[in-house]
2 protein chains.
Amino acid sequence: MSESPVSNEPPIYRRIADGLRAAILSGELRDGDRLPGENALMAEYGIARATARQALSVLINEGLAVPKRGSGVYVRRFKPIRRHGSRRLARDQWGRGQAIWDSDTRGRPYTVDGLRVAREPAPDDVAAILAASEIWVRRRRYSVDERPVQLATSYFPADLVEGTPITLPDTGPGGVYARLGDLGQAPAHFTEEVQARMPQPEEVTALELPAGTPVVVVRRTAYTAGGTAVEVNIMTLDAASYVLQYDFDA
Amino acid sequence: MSESPVSNEPPIYRRIADGLRAAILSGELRDGDRLPGENALMAEYGIARATARQALSVLINEGLAVPKRGSGVYVRRFKPIRRHGSRRLARDQWGRGQAIWDSDTRGRPYTVDGLRVAREPAPDDVAAILAASEIWVRRRRYSVDERPVQLATSYFPADLVEGTPITLPDTGPGGVYARLGDLGQAPAHFTEEVQARMPQPEEVTALELPAGTPVVVVRRTAYTAGGTAVEVNIMTLDAASYVLQYDFDA
DNA sequence: AAGTGGTCTAGACCACTTA
DNA sequence: AAGTGGTCTAGACCACTTG
């Protein structure tokens, strides 16, 4: 028994979703608050279970709510990390043996796990940029506040870094950029390309992403003063955890 | 009759979605190709309509497929615009009477519509940055290849721009930045803050976004050489239509 | 006219969380 | 034990697109 099937109104599930969204955006429902569940919506609106689920799925796919099995659907919490694009890579950061990351989290503890270093054949696009068919790859995952927030994969020309600490798990003080400096190939110029899209399943798993969360993909290329590309770093960020900041002059 | 309810395998709808995704990512199914429809999946896997829909909805919400009413579900097409963050705002661009946008589309035709200019009370966050309670607001929508790709809202301190062409629909050669220059308030430094999230319904409508498409929100603040904020510009981009590029030195 | 996706009902069983 | 969300079936009517 659908209410008034001829009318021009949006479907029931959408009207319900609109109401809940308004409550969230207005602050009537706050971070972490529990939304009316499937049973509550069925009773309140006299609809079938599937329709109630559909209404909730709208909010979940918009990233406004998070379902918790056996518990309920809750208003989502946010607290992004500010990531400085230009400032963070200033030479004095890594030139003094500081990890780049330190300038982002402002004291919040972070962890790195899943570090894997390997020599591999280069993917086509990376091979073209680095002008190398064989590369060393460094993969790892970053977490803040116990939650994974970023996957990163760095590529280096094998000929350049072979035998250096860049091929080891521990690259030493200042990290890979300091080591490139040791080789006389210090990065002087960076390009970052930023895209956003919905994640693939492996990314959902690795970053523990709830539905409705995009990822931001940052592809950074590091060039020496001579214009040679010495690193490509592809970072996949939980979009809900980040604000990217770039500063530049006219 | 669910197949083998005890097994540790993913649910049917997810296995079907995984298969279709693999076909898309491998290139077996190409841009614009038609996916097997609900009826085809029901027959092939012996499942109910709702389950087939659920499988397709996974791909749609991932942004990999687009449903077309009465026709089918199709592999999505992409062709992003490259937007240069640093270079595009170099003084010689607007200093010579060129619109900023010209440096992005490289000859692809673009259009602006929905331009509205108004004097309003400032939203709290903007008021704080511009140090002004009253502001002039310029809103407009940009399209490329007949498709809307960006919404933009610019805020200016009312005291500063009152009586200038910035309060008119046509701001003249070089646009608002040239006019700020006329006032002796030329922008010298910019900050862009980049975030990505799922769109709200009004944004879905205004940008004609298919499901599974995030938006990228860029908030740019323009500062004079003296450090005064003279413009806040909030841009909402169709994430599938853009690659943002930033260049900077170590 | 036939096929497609969009919405909805009325059930069912399951795994999980909370009390 | 009760309640919750997760998955699934088997129907139905609709609006829309295509041949």
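Residues numbered from 1 in each chain as written. Chains lettered and ligands numbered in written order. Predicted model: local features only at pLDDT ≥ 70, side-chain atom pairs only at ≥ 80, totals over all residues. Heavy atoms only, no water.

Chemist: Is there a simple way to think about the overall build of chain A in this case?
Modeler: Secondary structure assignment for chain A yields nine helices and 10 strands. Among the 250 residues that make up chain A, the fraction classed as buried is 48%. Within chain A, contacts between residues separated by at least 24 positions form 58% of all contacts whose residues are at least 6 apart in sequence. Total accessible area on chain A stands at roughly 12100 Å², and carbon and sulfur atoms take up 50% of it. (Helix = DSSP H or I, 4+ residues; strand = E, 2+ residues; numbered from the N terminus. Buried < 20%, exposed > 50% of the residue type's maximum accessible area, 1.4 Å probe, protein only. Contact = heavy atoms within 4.5 Å. Areas by Shrake-Rupley, 256 points an atom, 1.4 Å probe, with all protein chains shown as cover.)

Chemist: For this particular structure, what's the right way to read the protein's contact with DNA strand C?
Modeler: Taken together, 26 residues sit near DNA strand C, with I12, A48 and T51 of chain A together with N39 and R53 of chain B positioned nearest. Backbone sugar and phosphate groups make up 80% of those atoms of DNA strand C lying within 4 Å of the protein. In the environment of DNA strand C, a phosphate oxygen lies 2.8 Å from a nitrogen or oxygen atom belonging to the backbone of I12 of chain A. Within the residue set of the surface near DNA strand C, elements represented by two or more residues are α1 (12–26) and α3 (49–61) of chain A together with α2 (38–45), α3 (49–61), β1 (65–68) and β2 (72–75) of chain B. (Near = heavy atom within 4 Å. Polar contact = N/O pair within 3.5 Å; in protein donor to acceptor, adjacent residues only side chain to side chain.)

Chemist: I would appreciate a short explanation of the relation of the copies chain B and chain A in the present structure.
Modeler: Copy one and copy two of the chain differ by a rotation about an axis and a translation along that axis. With an axial shift of 0.0 Å and an RMSD of 0.1 Å, the rotation relating chain B to chain A amounts to 180 degrees. Such a combination of rotation and displacement between the chain copies is what one expects of a two-fold axis. Most of the interface of chain B is mirrored in chain A: 100% of its interface residues are interface residues there too. (Least-squares fit on C-alpha atoms with pLDDT ≥ 70 in both.)

Chemist: What is the right way to look at the nonpolar core in this model?
Modeler: Within soluble globular proteins, side chains that are nonpolar generally end up buried alongside one another. L244 and Y246 of chain A together with L244 and Y246 of chain B are the most contacted members of the largest nonpolar core, which totals 54 residues. L244 of chain B has contacts with E192, E193 and V194 of chain A together with R83, V194, V216, V218 and L237 of chain B, leaving out every residue within four places of it along the chain. (Core = buried A, V, L, I, M, F, W, Y, C linked by side-chain atoms within 4.5 Å.)

Chemist: Any chance you could explain the side chain of E193 of chain A here in plain terms?
Modeler: Along the chain, E193 of chain A turns up in strand β7 (residues 187–197). What makes E193 of chain A buried here is its relative accessible area of 16%. A polar contact of 2.6 Å, which involves the side chain of E193 of chain A, links it to the side chain of R82 of chain B. In this structure E193 of chain A touches V217, V218 and R219 of chain A together with R82, V243, L244 and Q245 of chain B, once residues within four positions along its chain are discounted.

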